[in-house]
Structures are given as structure tokens and as C-alpha cells.
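Summary of structural features
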Amino acid sequence: MSRPVNAEKRAELLKQVVHHLQHHGVAQMSLSPLAQSIGTTKRMLLYYFGSRENLLAQALAASRPDAHAMFDGVRDSEGLRRAAHTLWDAMTVGEQSGPVRMLLQLLSLAATDPQQYGAVAAETVEVMIGPIAAAYVRLGHPPQEARTAATLLVSGLRGLCQDRLVTHDATRTDAAARRLIKDAVAAAD
């Protein structure tokens, strides 16, 4: 009989993995060097996470903004505006500003290597679109139109975030995000 997984140790390892991937990237992630870098073994990573793919998926899940927490309470246009600004702030200046680099790299890898990264990238996109689309539905939009509006908001903010990471132009990208959010809220009315 195997012993139960130490949840505290697993959580600490996951935190270290996320930190490592934020600073070293996803593309060249290999378990042995990763394990050595964070002071453990490949065997322990496999014990706690099962596979490289599962470890990557869990690192992404642990590091992305909680769209449900931000958008589940949206009941009107003002709530949508606040939630969208909270998302933008989380992606650019909050605790999510580091992990968003992992997300952007994963999306790029999925475009060039869909077999290895496509499923986890698609899930990562859907996790953001779903709660935002649900907010639009609560505001009276048909489901397909709501998904389109949520896609525009998420993809627009993600693109602006990438622009900001590349150009370091916070003033311009903040202004563009405010405009995108204003237009997204106006479309909700």
C-alpha cells in the first residue's frame, strides 16, 4: 500500500516549479534539470505530479488569475467594468504579472507544437473565457454572443499584456486596456 501524498510538500514543490518556470520558461522544461534547480529529484516530481504534462498543467492552473472569483459576481455593467479592470491589474501589476509570461509562452508553443501543448493551452484559454461569457449571459446576451464578447475581452487584454511585456510601455497599454474594457462594457449594455 502506498503512503498518502504529503499535501504541504506537494504545494511547496508546485510553488517552486511555478517560480522556476516564470524565470526559465516552459519550452525547455525537462524534469531532471527542473528537479535539480528546485532541490528535489525527478522521481519526487513524478511521485507528486505523475508526468511532465500534468506538472505543467498544474503549474499553469496554480498561477493563473481566478476568473471565477473576478466575474461570478457580475450582475451589471459596472460589475463587468470592475471585474475586467481587476483582471487587467492582476495580469500586469498584481501577483499574476509573473505567471502571465508562462501563459503567453505556452500559447505560442501550442501554435507551433499543438500535439504537445495544444490541449493544456486550450484549457487555459477556456478557463478564462467561460466565467466571463457567463457574466455576459447574466447581462442578457445569448450564449454564443457572450462567448464572442468574452473572447474579445480576454484575447484583447492578453495581447495588450504581451505588448507591455515586450515594449515596457505601461502608459500606452494601460490606456488601450481602459478603452478595450470601456468598449467591452458598452457592448454589454
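Residues numbered from 1 in each chain as written. Predicted model: local features only at pLDDT ≥ 70, side-chain atom pairs only at ≥ 80, totals over all residues. Heavy atoms only, no water.

The subject of this paragraph is the overall build of the chain. Each helix and strand in the chain was counted, giving 10 helices and zero strands. The helix and strand sequence of the chain, counted from the amino end, reads α-α-α-α-α-α-α-α-α-α. For the chain, the C-alpha atoms occupy an extent of roughly 55 × 40 × 30 Å along the three principal directions. Burial status across the chain gives 43% buried among its 189 residues. Summed over all atoms, the accessible surface of the chain reaches about 10200 Å², with 54% contributed by carbon and sulfur. Of the charged side chains in the chain, 20 are positive and 18 negative, and the gap between their average positions amounts to 5 Å. (Helix = DSSP H or I, 4+ residues; strand = E, 2+ residues; numbered from the N terminus. Buried < 20%, exposed > 50% of the residue type's maximum accessible area, 1.4 Å probe, protein only. Areas by Shrake-Rupley, 256 points an atom, 1.4 Å probe, with all protein chains shown as cover. Lys, Arg positive; Asp, Glu negative; His and termini not counted. Charge placed at Lys NZ, Arg CZ, Asp CG, Glu CD.)

Positioned with a positive phi, His-168 is a non-glycine residue whose angle comes to about 65 degrees. Judged by its relative accessible area of 66%, His-168 falls in the exposed class.

Take the packing of helix H4 (residues 52–63) against helix H7 (residues 99–112) next. The geometry of H4 relative to H7 is characterised by a closest axis approach of 9 Å and an angle of 135 degrees between their N-to-C directions. Put simply, H4 runs oblique to H7. By crossing handedness, the relation of H4 to H7 is classed as left-handed. Note on element contacts: H7 touches H4 through Pro-99, Met-102, Leu-103 and Leu-106, opposite Leu-56, Ala-59, Leu-60 and Ser-63. (Axes fitted to C-alpha atoms, helices over the stretch in contact; angles between N-to-C directions. Parallel < 35°, antiparallel > 145°, perpendicular 65-115°, else oblique. Left-handed = near helix turned anticlockwise from the far one by under 90°. Contact = heavy atoms within 4.5 Å.)

Right, let's get into the pattern of salt bridges. If the charged atoms of two oppositely charged side chains come close together, the side chains can form a pair. Taken as a whole and assessed by the stated rule, the structure comprises six salt bridges. With its nearest N and O atoms 3.5 Å apart, the salt bridge here joins Arg-82 to Glu-78. Highlighted residues: Arg-82 and Glu-78, both in helix H6 (residues 77–92), separated by four residues, approximately one helical turn. Residue classification places Glu-78 among the partly exposed positions, given a relative accessible area of 36%. Across the pair Asp-174 and Arg-164 runs a salt bridge whose closest N-O atoms are separated by 2.5 Å. Placement of the pair is Asp-174 in helix H10 (residues 170–188) and Arg-164 in helix H9 (residues 143–167), with a sequence separation of 10 residues. Exposure remark for Asp-174: the relative accessible area of 24% places this residue in the partly exposed category. Look at Arg-164 and you get buried, because its relative accessible area is 15%. (Salt bridge = Lys/Arg side-chain N within 4 Å of Asp/Glu carboxyl O.)

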